[in-house]
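One letter stands for each residue in the lines below.
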Amino acid sequence: MSSEVKKFKLIDLFAGAGGLSNGFLQTGNFEVVGAVEINKDARETYILNHGGNKDIIITPKNSNTSDISRINFKPYATPNTAYTKDMVVIGGPPCQGFSNANRQKNYLISGNNQLVKEFARVIDEVRPVAFLMENVKSMNSKTHKFFVTHYFEDSIYAYSSLKHLETINKNATPFWHRDELVLLETKDNHNRNLIRQVLSLNVQNVTLLKDVHLPRIRSIIRKLKEEKSIGENRLENTEIVKIITDLKLLISSNAIQKNDLLKLVIDTIENLELILRKNKYDNKIVLDVLCSFLEINQLIQYRKELMDEHILTLGEITIKGTEKCKVVVEVLSYNIVEYLDKFFRYLGYDVTSGVLNSSDFFVPQKRYRFIFMGLRKEKSVNGEISLPKPGNNTSFTVEDAIKDLYFIQPNKNVSDDEQVYDVKNGSTNMQKYYRSGLMKKVIYNHVNTDSKPLSKKRFEEISEKGGGNFHSLSEELKNITYTDASRTQNTIYLKLNYKQASPTVVNVRKSMWQHPIKAEAISIREAARLQSFRDNYRFVGSKDKQYQQIGNAVPPLLARAVAESMLIQMGIIPKNLVKDEFRNK
C-alpha cells in the first residue's frame with residue numbers, strides 16, 4: 001500500500017453547500033475541479049468556501065445556470081482511455097418522490113427521477129476511476145422505481161429505454177416488469193362520462209389548475225368536510241380570487257371545448273364565488289363540485305405527464321370498476337438501485353451499497369443515508385469492495401458539538417455574522433476538529449431567529465417542562481396558528497438534548513428547534529456543527545436559505561469516512577485519517 005500522497009480530481013454533482021465534497025477534501029487526497037448546483041444561494045456558499053473561484057461551477061455553454069441536464073461532461077474524460085484514472089465523481093441527486101405518487105405536487109412521476117438518470121449519464125460520459133452517490137435511506141425500497149420510456153438518442157430518455165435495459169442486462173432474466181399506473185381512483189361514478197370525454201379529447205396541453213393553487217383547493221375541501229368556515233382571512237380570500245381569475249382566463253382562451261369539462265370549470269367558478277360572497281350555499285353540492293374538479297384536474301395532469309415523460313405504455317388508458325371508477329394504464333417499471341447496479345457493472349465497476357448512520361462516523365447526529373459506491377474493477381486491491389465500518393464506539397452528542405458556544409449570544413442579522421471567539425483551538429478532540437483551519441479567533445454564522453412573542457412563549461413552556469416538542473405544549477399554545485395541531489410532526493419545536501446525538505438535522509428554523517438550555521432557537525453555526533461542518537466553513541444567503549443549505553447537506557465527516565474507505569480500497573493511505581483526529585491523546 002503506497003504512502004505517497006495521491007490527489008484525485010473531484011466533480012461534485014448536486015453539490016448544494018458542499019458537505020459531501022468537503023468530507024472528501026478533508027482526507028487531503030482530492031481537489032475539486034468542477035461542481036454542479038442549480039440553487040443560487042447554495043452555489044454562492046460553495047464558491048465562497050472554494051477561494052471565491054466562480055469558475056469552479058460548471059455551466060452549459062452560453063448560460064450562467066448550472067443545470068446538469070444541459071451540460072456535456074465528455075470533455076472531463078481522458079481521451080483514448082477506457083476510464084479517467086484520476087477523476088472521481090460524487091453527488092446526491094434530489095430525492096423527493098421517486099415512485100408513482102407525489103400527490104402534494106400533483107405529479108404522477110417525479111421529475112427528480114430524471115436527476116438520478118443524469119448522475120448515471122455523467123458516469124457514462126466521464127468514466128471516472130470511482131464514484132459515490134448518496135440519497136435517502138429508503139432509496140432501495142420497492143416504491144422507488146423508474147418507468148421504461150421510449151428511446152431518444154442523445155437524451156436522458158435513452159437511459160430508461162427498453163433498448164438500453166436489454167443491452168446492459170446481457171440476456172439475463174429481465175429486471176423490469178409489468179406495472180399499473182393509477183391515473184385516477186374515485187367513488188364518484190357519475191363522473192364516468194366526463195372521464196371518457198377527457199380521455200378522448202386533445203387536452204394533454206391543458207392544465208386546469210396551477211400547482212400553486214392545489215394546497216388552497218385541498219384546504220377548502222377539508223374545511224367543507226369538517227363544516228368549518230371558509231374565507232375568514234384575507235390571504236385565503238386573495239388566493240380564491242386568483243384561482244377564479246385563472247379559471248376564467250382558461251375559459252376565454254378557448255382551450256376547453258364546450259362539453260361537460262367546460263361545465264365543470266364554470267360550476268367550480270360559480271361555487272368559489274358563492275364562498276367569496278359569503279352567500280348561503282349547500283355544503284355538499286360545493287364539496288361535490290370541487291372534489292370532481294380536483295380529480296379531473298389530476299387525470300388531465302397525469303395523462304399529460306405520461307406524454308411529457310415519454311413513458312412507454314402497454315395499450316390504451318382504461319376505466320375499471322363498477323362501484324368505484326379506476327383509470328389505469330399498464331407500463332414497465334424497475335427498481336432504481338437494481339438498475340444502477342446493473343448499469344455500473346456493465347460499465348466495468350465493482351459496486352456496493354447500503355445505509356450508513358452518520359453517528360457511527362463521529363458526527364453528533366443520527367442521520368441515515370443510502371450510499372452507492374463504485375470502483376473500477378482493475379483499481380480495487382482487495383477484489384470485492386465494501387462500505388466503511390463504524391469507526392466511533394462512543395457517539396458524540398449535542399453537548400460535544402455546541403456547549404462551548406453557550407456563552408456567546410447569537411446575533412440576529414446575517415450581515416453581522418462574525419464574532420470574536422477564542423477557544424485556544426479547542427479543549428476536546430471535537431472542539432479541535434471544529435476549530436482546525438481557522439485563521440482568525442472568530443466564530444462565523446452564529447446567528448439565530450429573532451423569535452416572535454408566541455414562539456418565545458412556546459420555547460419557555462417547553463423549557464419549564466424539561467424538554468419535549470410541540471405536542472408537549474398546553475392546548476392553548478398548540479391551537480394558536482395551527483388548524484389541526486394533531487397533525488404536527490414531532491420535530492416541530494423540538495428541544496435538543498445535550499446528552500444525546502441530535503436527530504436528523506432539517507431546516508431547523510422552519511422546524512423551530514430549540515437550544516438544549518436556552519429558551520431560544522439554535523443558531524446557524526450550531527446547526528452546522530451538528531452536521532459536522534468545521535467553523536471555517538461559512539454560509540451565505542438569507543437566514544432561511546442558510547438554515548436550508550445546512551439541513552440539505554451531507555455531513556462532511558460521514559462523507560470523509562466513505563472517501564477514506566474508497567482510497568484504502570485503491571491501495572492508497574489517506575493523507576489525513578479521521579481516527580487520528582479523534583483518537584484520545
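These lines cover the structure that appears in this document, whether it is placed above or below. (Residues numbered from 1 in each chain as written. Predicted model: local features only at pLDDT ≥ 70, side-chain atom pairs only at ≥ 80, totals over all residues. Heavy atoms only, no water.)

### Let's talk about the side chain of S532
Cut-off, in case you're wondering: Put simply, DSSP marks the helices as runs of H or I at least four residues long and the strands as runs of E at least two long, and each gets a number from the N terminus on. Each residue is assigned to one of three classes by its accessible area relative to the maximum for its type, calculated with a 1.4 Å probe on protein chains only: buried under 20%, partly exposed between the two thresholds, exposed over 50%. Working rule for contacts: check all heavy atoms of both residues, and any pair within 4.5 Å makes them a contact.
Mapped onto the elements of the fold, S532 is located in the loop between helix 15 (524-530) and helix 16 (543-552). Judged by its relative accessible area of 0%, S532 falls in the buried class. Setting aside anything within four residues of it in sequence, one finds S532 in contact with V363, Y433, Y434, P555, P556 and L557.

### Description of the pairing of strand 4 (residues 128-136)
So the rule is basically this: DSSP bridges decide pairing: two strands pair if at least two such bridges lie between them.
Burial of strand 4 is extensive: 9 of the 9 residues sit out of reach of the surface. Relative to strand 4, strand 3 (residues 84-91) runs parallel, the two sharing 5 bridges. The partner of I90 across the bridge, within strand 4, is L132. Where strand 4 lies against strand 10 (residues 368-376), 7 bridges are found, and the strand directions are antiparallel. What sits directly across from N135, in strand 10, is F370.

### Some words on the packing of aromatic side chains
Threshold: Centres within 6.5 Å are what make two rings of Phe, Tyr or Trp a pair, Trp counting through its six-membered ring; a difference in plane orientation under 30 degrees is then read as stacked, over 60 as edge-to-face, and the rest as tilted. In this analysis the charged atom, NZ for Lys or CZ for Arg, is taken to sit over a ring once it is within 6 Å of the ring centre and within 35 degrees of the ring normal.
All told, the structure shown has 26 aromatic pairs when counted by the stated rule. Residues F175 and W176 carry aromatic rings whose centres are separated by 5.1 Å and whose planes lie at 80 degrees to one another, so their mutual orientation is edge-to-face. Put simply, the rings of F119, F131, F146, Y159, F175, W176, Y334, Y339, F343, F344, Y349 and F372 pair up and form one aromatic cluster. One cation-aromatic arrangement involves K6 over F8; the distance from NZ or CZ to the ring centre is 5.2 Å.

### Here's the deal with unusual backbone geometry
Its identity as a non-glycine residue notwithstanding, K170 has a phi of 55 degrees, on the positive side. Considering the arrangement of structural elements, one finds K170 in the loop between helix 4 (162-169) and strand 6 (177-186). Relative accessible area serves as the criterion here: at 56%, K170 is assigned to the exposed category. Positive phi values are uncommon outside glycine, yet H310 reaches one of about 55 degrees. Mapped onto the fold, H310 is located in the loop between helix 9 (283-308) and strand 7 (318-320). Residue classification places H310 among the partly exposed residues on the basis of a relative accessible area of 27%.

### As for the sheet that holds strand 2 (residues 30-35)
For the record, the criterion: Interaxial angle, 0 to 180 degrees, is taken between N-to-C directions of lines fitted to C-alpha atoms, where a helix line uses only the stretch in contact.
With mixed pairing, the 6 strands of this open sheet are ordered in space as 2-1-3-4-10-9. Pairing within the sheet leaves two strands with one partner each, and these edge strands are strand 2 and strand 9 (349-357). The sheet shows a mean angle of 20 degrees between the axes of neighbouring strands, direction not considered. Of the strands in this sheet, strand 4, strand 9 and strand 10 are in contact with helix 10 (residues 336-346), which crosses strand 9 at around 145 degrees.

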